[in-house]
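Residue strings, one per chain:
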Amino acid sequence: MKVAVAGTGYVGLVTGVALAHIGHNVTCVDVDKEKVEKMKNGISPIYEQDLEELMLKNKDRLDYTLDYKNAYKDADVIIIGVGTPEREDGSANLDYVHSVCDQIAESLEKDCVVVLKSTVPIGTNDEIEKDLNDKVKDGIKVYVASNPEFLAQGTAVHDTLYASRIVVGTEDDFAANIMQKLYEPLTKEPYNVPYLHTSRRSAEMIKYASNDFLALKISYINEIANLCKKLGANIEEVTKGMGYDSRIGNKFLKAGIGYGGSCFPKDTKALHWLGQIEGVELETIQACISVNKKQKLVLLHELIDDFGGSIEGKTIAVLGLTFKPGTDDLRDAPSIDNISMLLDYGANVKAYDPISTESFKKKINFKLTDDGVKGTIAFFDNIDETIKDADATMIMTEWPEVVNYNVKQYKKLMKTPRVYDGRNCYKLEDMKDITYSSIGR
Ligand SMILES: NC(=O)c1ccc[n+]([C@@H]2O[C@H](COP(=O)([O-])OP(=O)(O)OC[C@H]3O[C@@H](n4cnc5c(N)ncnc54)[C@H](O)[C@@H]3O)[C@@H](O)[C@H]2O)c1
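Summarised in this report is the structure supplied together with it. (Residues numbered from 1 in each chain as written. Predicted model: local features only at pLDDT ≥ 70, side-chain atom pairs only at ≥ 80, totals over all residues. Heavy atoms only, no water.)

## As for the overall build of the protein chain
(1) Moving on: Each helix and strand in the protein chain was counted, giving 18 helices and 14 strands.
(2) Moving on: For a compact globule of 441 residues, the expected C-alpha radius of gyration is about 22 Å, and the protein chain comes in at 23 Å, within 12% of that figure.
(3) Moving on: For the protein chain, the C-alpha atoms occupy an extent of roughly 75 × 45 × 45 Å along the three principal directions.
(4) Moving on: Here the protein chain, with 441 residues, has 54% of them falling under the buried criterion. (Helix = DSSP H or I, 4+ residues; strand = E, 2+ residues; numbered from the N terminus. Rg over C-alpha atoms; globule rule 2.2 N^0.38 Å. Buried < 20%, exposed > 50% of the residue type's maximum accessible area, 1.4 Å probe, protein only.)

Set out below in structure tokens:
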């Protein structure tokens, strides 16, 4: 099948590469010249395990281009995987989706199935189908299918090939048949992915309802963790005990300093916004959003209290900048809120991340030019240098480099050995020699 994919981010590129891997001819389209050049040279523009190997292995069925016209004009299937970031009011910004649709309408020379993989508000697929058919050349018909994506960054390739499920929402047999053919190899050995066919609106809702449920689970366990800490219970024992119950399950029960990333924060706000528009107040989602906002700073407040209310002039080491390990993504990472606040309060930050230091520098630059900012920030490429002479260390990401670090070094290298661990990286018994604060323990 001739497939074009619009957008080569975490979703688009991984989908394109996976579809090439199962035998389709795939052209990946992006508007970012630098990204396209990299991919043409076999380099992945994003950090994802196994991605470059699969790009290489399937290079004969993969093409990368800025030339959308050629890619779209005779494609059997065009998959849209561009971003749908949040607007200020919390709603999803569909500008990128609309702009791809205009490019598709301008290019198409035959009937085509357009697949919305981007996370979009319920009803968007209906609107896009109408809009595309209004705009394409006479005699051409476009069928739109909703095909939400459930991959997690850090394990995106595995999550796509061995997906928990493929959800396809269509309103006609033509799109339904093409979609089934597209994914048929993944529904068989060795992948055996369950394939669920629904209406388009249900498919759109499955995505939001799933993501928001996971976000809710995290916020819930974080609140329980905060209470455990006050009452002397240990959240890890508690979640272990809960996880045996198959009605609860043991996934997404890890307490920490809040969720981040490109999906949970915006998808909770988008669904809440959508509910309000329809007159349905989603109170659980609202609670999840506000719990997470507070949770991100829970250790920082504790640290400030421990320093008697002022951290001005203190040296604070920050380990990990990405929102989770295994990805280079900094979108909505707790490190951003924490470091911004540390700088506002006049602390001098020493930061470390195994892969995202350069992109973090660009992100935090706006902050450093603010008049109100009193602190400074410097970046290091190893943990020893980062924590050396620090008054306190904050752990934001459970990178293996942090988890496997020799904890004796904290006492040896820091000015005062105080560690605020937002990801519960260490066993309590290993940290008895120093001041150690974690989540829910
Ligand atoms: N990242 C995830 O873990 C994840 C998981 C499931 C679903 N989603 C959803 O998938 C969508 C994409 O997310 P992402 O994280 O992959 O985004 P991303 O920001 O990593 O990538 C988007 C890409 O689209 C490109 N682009 C923008 N306009 C374009 C155009 N007109 N033509 C071609 N390319 C264009 C951008 O240059 C960029 O490379 C979002 O709706 C997101 O909510 C993301």
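What follows picks up the thread again.
## A few points about unusual backbone geometry
(1) Moving on: The amide bond that connects Glu-189 to the next residue, Pro-190, takes the cis arrangement and shows omega of 0°.
(2) Moving on: Within the fold, Pro-190 resides in the loop between helix H8 (173-187) and strand E8 (195-198).
(3) Moving on: At Asn-192, a residue that is not glycine, the phi angle is positive and equals roughly 55°.
(4) Moving on: What makes Asn-192 partly exposed here is its relative accessible area of 41%.
(5) Moving on: A positive phi angle, close to 55°, is found at Phe-252, a residue other than glycine.
(6) Moving on: Within the fold, Phe-252 resides in the loop between helix H10 (235-243) and helix H11 (264-277).

## Details of the packing of helix H9 (residues 200-231) against H10
(1) Moving on: Where H9 meets H10, the closest approach of the two axes is 9 Å, and the angle between their N-to-C directions is 135°. Taken together, the axis directions place H9 and H10 in an arrangement best described as oblique. Helix-helix and strand crossings are classified by hand; for H9 and H10 the assignment is right-handed. Here Tyr-220, Ile-221, Ile-224, Ala-225 and Cys-228 of H9 come into contact with H10, specifically with Ile-235, Val-238, Thr-239 and Met-242.
(2) Moving on: Tallied by class, residues from the contact of H9 with H10 come to eight nonpolar, one polar and no charged. (Axes fitted to C-alpha atoms, helices over the stretch in contact; angles between N-to-C directions. Parallel < 35°, antiparallel > 145°, perpendicular 65-115°, else oblique. Left-handed = near helix turned anticlockwise from the far one by under 90°. Contact = heavy atoms within 4.5 Å. Nonpolar A, V, L, I, M, F, W, Y, C, P; charged D, E, K, R; others polar.)

## With respect to the site of the ligand
(1) Moving on: Inspection of the region around the ligand gives 27 residues, with Asp-30, Lys-35, Thr-84, Gln-153 and Lys-266 positioned closest.
(2) Moving on: Take Tyr-10: an N or O atom from its main chain is 3.0 Å from an oxygen atom of the ligand.
(3) Moving on: Protein contact buries 90% of the 830 Å² of open area that the ligand shows by itself.
(4) Moving on: When contributions to the shell around the ligand are tallied by element, the ones reaching two or more residues are helix H1 (10-21) and helix H5 (95-107).
(5) Moving on: Among the elements that take part in the shell around the ligand, H5 stands out by supplying four residues, more than any other.
(6) Moving on: Split by residue class, the shell around the ligand holds nine nonpolar, 12 polar and six charged.
(7) Moving on: Viewed by domain, the shell around the ligand spans two of them, domain 1 (2-198) and domain 2 (207-294), each represented by three or more residues. (Near = heavy atom within 4 Å. Polar contact = N/O pair within 3.5 Å; in protein donor to acceptor, adjacent residues only side chain to side chain. Areas by Shrake-Rupley, 256 points an atom, 1.4 Å probe, with all protein chains shown as cover. Domains from an automatic or database assignment.)

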